[in-house]
Every structure is written in C-alpha cells, then in structure tokens.
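# Chain and residue survey
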Amino acid sequence: MTDSTDATDGDDTAAADDGGEADETVRCWLVEREFGDRNFVTIVYATRDGSRYQQWERSTTSLRTGSQITAATEIPESELEAVTDEETRERYAREAERTADQYEPDDPI
C-alpha cells in the first residue's frame, strides 16, 4: 500500500494496487455522532478539509456489541459525498482537525 498521507494538505489518500487497478481511499476523521430517538446513532466521518463526508446509522446495540468506532477510517473516494454547505464544511474541518490532533487513527472513541 502506498500512503500519501500529508497532515498539512487535508487530503489523506492511500492507493492499493490489486493487479493493475488502484482503489483510492481517503482517511476520514470522526466529526459527528448524534444519538437519535429510535435507538440509532448517526455517525459522520469527514476529510480533514471538511469538503467530503460519509454518514451512516448504527443501532445502539451494534455500538455495544460490534466493531468499535475509531477516530479515523479509510473510505473509498467513490463513497464520499461532497459537503455543499460552507458552514457545515467549516465545522467538519474544525472537528476533523480537533479529532486528528487528539487521537491516533485507530483509537476507539
């Protein structure tokens, strides 16, 4: 795996070569965790610059019994969505930076 991670550029990417076709991933940081009223938790990971994100819901049961939520995760570029709202992008960038400064990528949080 080639890792082109650069903490200053805000776009942590890695390429895996599987015999000719590169699968680009981006390191994204936990920026939001919101507990809903249906026993689900909304989890959002975003790029360090806040421009792209991935969001999903997990049940509170799976949070207790399944894999842990870590400070960062590698997400395929094709699965990331653009953040179109300037205020949200700035908030995600601040939160991603704060998380990256306080935790190692594999730290459970």
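In case you missed it, the structure is sitting above this.
First things first, this report covers the structure right here in the doc.

## Focus: the overall build of the protein
Within the protein one finds two helices and seven strands. For the protein, the α and β elements follow one another from N to C terminus as β-β-β-β-β-α-β-β-α. Of all 109 residues assigned to the protein, the portion counted as buried reaches 35%. Taking contacts inside the protein between residues at least 6 apart in sequence as the whole, the part at least 24 apart equals 54%.

## Examining the side chain of Thr70
Tracing the backbone shows Thr70 in the loop between helix H1 (60–65) and strand E6 (72–76). One polar contact links the side chain of Thr70 to the main-chain carbonyl oxygen of Ala72, over a distance of 2.7 Å. In this structure, Thr70 is in contact with Leu30, Tyr45, Pro105, Asp106, Asp107, Pro108 and Ile109, ignoring residues within four places of it in sequence.

## Quick look at the nonpolar core
Listed in full, the eleven residues of the largest apolar core are Trp29, Val31, Val44, Ala46, Tyr53, Ala71, Ala72, Val83, Tyr92, Ala96 and Ala100. Secondary structure elements with two or more residues in this core: strand E3 (22–35), strand E4 (40–46) and helix H2 (86–102). Sequence-distant contacts of Ala100, that is, excluding residues within four places in its chain, are made with Trp29 and Arg48. Among the nonpolar cores identified, the runner-up in size contains nine residues, and Val26, Cys28, Val41 and Ile75 belong to it.

## What to know about the pattern of salt bridges
Applying the stated rule across the entire model yields seven salt bridges. We note a salt bridge from Glu57 to Arg38, for which the minimum N-O separation is 3.3 Å. Taken together, the positions of Glu57 in strand E5 (residues 52–59) and Arg38 in the loop between E3 and E4 put the pair 19 residues apart, joining distant regions of the chain. Across the pair Glu95 and Arg98 runs a salt bridge whose closest N-O atoms are separated by 2.8 Å. Residue Glu95 and its partner Arg98 are both found in helix H2; the two are separated by three residues, about one turn of the helix.

What counts and what doesn't
- Residues numbered from 1 in each chain as written.
- Predicted model: local features only at pLDDT ≥ 70, side-chain atom pairs only at ≥ 80, totals over all residues.
- Heavy atoms only, no water.
- Helix = DSSP H or I, 4+ residues; strand = E, 2+ residues; numbered from the N terminus.
- Buried < 20%, exposed > 50% of the residue type's maximum accessible area, 1.4 Å probe, protein only.
- Contact = heavy atoms within 4.5 Å.
- Polar contact = N/O pair within 3.5 Å; in protein donor to acceptor, adjacent residues only side chain to side chain.
- Core = buried A, V, L, I, M, F, W, Y, C linked by side-chain atoms within 4.5 Å.
- Salt bridge = Lys/Arg side-chain N within 4 Å of Asp/Glu carboxyl O.

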